Amino acid sequence: MKIFKVSGMNCSHCTQAIQKAILGIDQQAIVHTDIGAQTVEIDSSCDSAVLQKTIEEAGYTVSAQLS
């Protein structure tokens, strides 16, 4: 499980956009978002750097990788 701190994620549209982007590169990924904590948890075989780049390309800022 990879956990990212994501700035700018503040509504369900944001979480759906991030989930859609991640599923676009890994259809088997499991994505959990927490708007209050500003975190995205991803269970994926993709490399962390690829996942971070995908979140950023969706228009959000990854401020840290927590695990």
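Rules and cut-offs
- Residues numbered from 1 in each chain as written.
- Predicted model: local features only at pLDDT ≥ 70, side-chain atom pairs only at ≥ 80, totals over all residues.
- Heavy atoms only, no water.
- Helix = DSSP H or I, 4+ residues; strand = E, 2+ residues; numbered from the N terminus.
- Contact = heavy atoms within 4.5 Å.
- Polar contact = N/O pair within 3.5 Å; in protein donor to acceptor, adjacent residues only side chain to side chain.
- Axes fitted to C-alpha atoms, helices over the stretch in contact; angles between N-to-C directions.
- Parallel < 35°, antiparallel > 145°, perpendicular 65-115°, else oblique.
- Left-handed = near helix turned anticlockwise from the far one by under 90°.
- Nonpolar A, V, L, I, M, F, W, Y, C, P; charged D, E, K, R; others polar.

Asks: Provide a residue-level description of unusual backbone geometry, including the pertinent values.
Replies: Most peptide bonds take the trans form, and the phi angle of most residues other than glycine is negative. Here Gln38, not a glycine, exhibits a phi torsion of approximately 60°, which is positive. Looking at where Gln38 falls in the secondary structure, it is placed in the loop between strand E2 (30–34) and strand E3 (39–43).

Asks: Lay out the environment of Gln38 with the relevant residues and their values.
Replies: Along the backbone, Gln38 and Val62 are 24 residues apart, and their C-alpha atoms lie at a distance of 9.7 Å. Among residues more than four places away in sequence, those in contact with Gln38 are Phe4, Lys5, Val6, Ser7, Gly8, Met9 and Asn10. A polar atom in the side chain of Gln38 sits 3.4 Å from the backbone nitrogen of Gly8.

Asks: Could you give me a rundown of the side chain of Asp26, with the residues and numbers involved?
Replies: In this fold, Asp26 is placed in the loop between helix H1 (12–25) and E2. A distance of 3.0 Å separates a polar atom in the side chain of Asp26 from the backbone nitrogen of Gln28. Among residues more than four places away in sequence, those in contact with Asp26 are Ser44, Ser45 and Cys46.

Asks: So what's going on with the packing of H1 against helix H2 (residues 48–57)? Which residues, and what values?
Replies: Two numbers describe how H1 lies on H2: the axes approach to 9 Å, and their chain directions differ by 135°. Relative to H2, H1 is oriented oblique. The hand of the H1/H2 crossing is right-handed. Contacts from Ile18, Ala21, Ile22 and Ile25 of H1 reach H2 at Val50, Leu51, Thr54 and Ile55. When its residues are assigned to classes, the contact of H1 with H2 shows 7 nonpolar, 1 polar and no charged.

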